[in-house]
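Per-entry structural report
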Amino acid sequence: LPPTVEPNPLPNAAAGPLICAPSIPIIIQGKATPRAGILLYFARRAVSGTVADANGVFRITLNVGNERPGIYTISVYMRGSWQEIIRTTCIVPAVGG
């Protein structure tokens, strides 16, 4: 299962920047080691976590708050090994933009 990001469908999470509008959830999914802990980072801050299922599949939601407009890095890591599974960028638009 290749990493994907919804609602902006991409063939690969690193294929291009996402538009991360406040209050619009973004679903990030991918594959890791079975039952591994997963951490989601937004701008170098841990913002969410989950556990991969028995097949290694995980799905995690990113809820962007009232961030300053700009370009931010989104990273997903396996807890413990700190192996980066997904890295992409998101653009937080200016309000009304």
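In what follows, the accompanying structure is described. All of these numbers come straight from a predicted model, not from anything done at the bench.

Along the protein, the regular secondary structure elements total zero helices and eight strands. The order of helices and strands in the protein, counted from the N terminus, is β-β-β-β-β-β-β-β. Here the protein, with 97 residues, has 38% of them falling under the buried criterion.

A word on the sheet that holds strand β4 (residues 37-42). One open sheet holds the five strands; their spatial order is β2-β8-β7-β4-β5, and the pairing between them is mixed. Edge positions in the open sheet fall to β2 (18-19) and β5 (45-51), since each of these has one partner strand only. Pairing between β2 and strand β8 (residues 84-92): two bridges, direction parallel. Residue pairing across strands places Ile 19 opposite Ile 91, the latter belonging to β8.

This brings us to the pattern of salt bridges. Overall, the coordinates contain two salt bridges when judged by the stated rule. Between Arg 45 and Glu 67 there is a salt bridge whose closest N-O contact spans 2.8 Å. One end of the pair, Arg 45, is in strand β5; the other, Glu 67, is in the loop between β6 (57-62) and β7 (70-78), with 22 residues separating them in the sequence. Residue class for Arg 45 comes out partly exposed when judged on its relative accessible area of 39%. We note a salt bridge from Arg 87 to Glu 84, for which the minimum N-O separation is 3.0 Å.

The next thing to look at is the packing of aromatic side chains. Under the criterion given, the structure shown has three aromatic pairs. With centroids separated by 5.5 Å and ring planes inclined at 85 degrees, the aromatic side chains of Tyr 41 and Tyr 77 adopt a geometry described as edge-to-face. Here Tyr 41 is found in strand β4, whereas its partner Tyr 77 is found in strand β7, with 36 residues between them in sequence. For the pair Tyr 41 and Tyr 77, a shared accessibility class is recorded, and that class is buried. Relative to Trp 82, the ring of Tyr 77 lies with its centre 6.1 Å away and its plane at 65 degrees, an arrangement referred to as edge-to-face. With relative accessibility at 43%, the residue Trp 82 sits in the partly exposed group.

The biggest cluster of nonpolar side chains holds 22 residues, and the ones touching the most others in it are Ile 28 and Ile 74. Mapped by element, the contributors of at least two residues to this core are β3 (26-31), β4, β6, β7 and β8.

Moving on, we come to the pairing of β4. The buried fraction of β4 amounts to five of the six residues, a majority that puts the element mostly inside the structure. As paired strands, β4 and β5 are joined by six bridges and run antiparallel to one another. Bridge pairing in β5 links Leu 39 to Gly 49. Between β4 and β5, which pair antiparallel in sequence order, lie two residues; one of them, Ala 43, sits at a positive phi of approximately 55 degrees. Bridging between β4 and β7 involves five bridges; their strand directions are antiparallel. Paired with Leu 39 across the two strands is Tyr 77, which belongs to β7.

How each quantity is defined
Residues numbered from 1 in each chain as written. Predicted model: local features only at pLDDT ≥ 70, side-chain atom pairs only at ≥ 80, totals over all residues. Heavy atoms only, no water. Helix = DSSP H or I, 4+ residues; strand = E, 2+ residues; numbered from the N terminus. Buried < 20%, exposed > 50% of the residue type's maximum accessible area, 1.4 Å probe, protein only. Pairing = 2+ DSSP bridges. Salt bridge = Lys/Arg side-chain N within 4 Å of Asp/Glu carboxyl O. Phe/Tyr/Trp six-rings, centres within 6.5 Å; stacked < 30°, edge-to-face > 60°. Core = buried A, V, L, I, M, F, W, Y, C linked by side-chain atoms within 4.5 Å.

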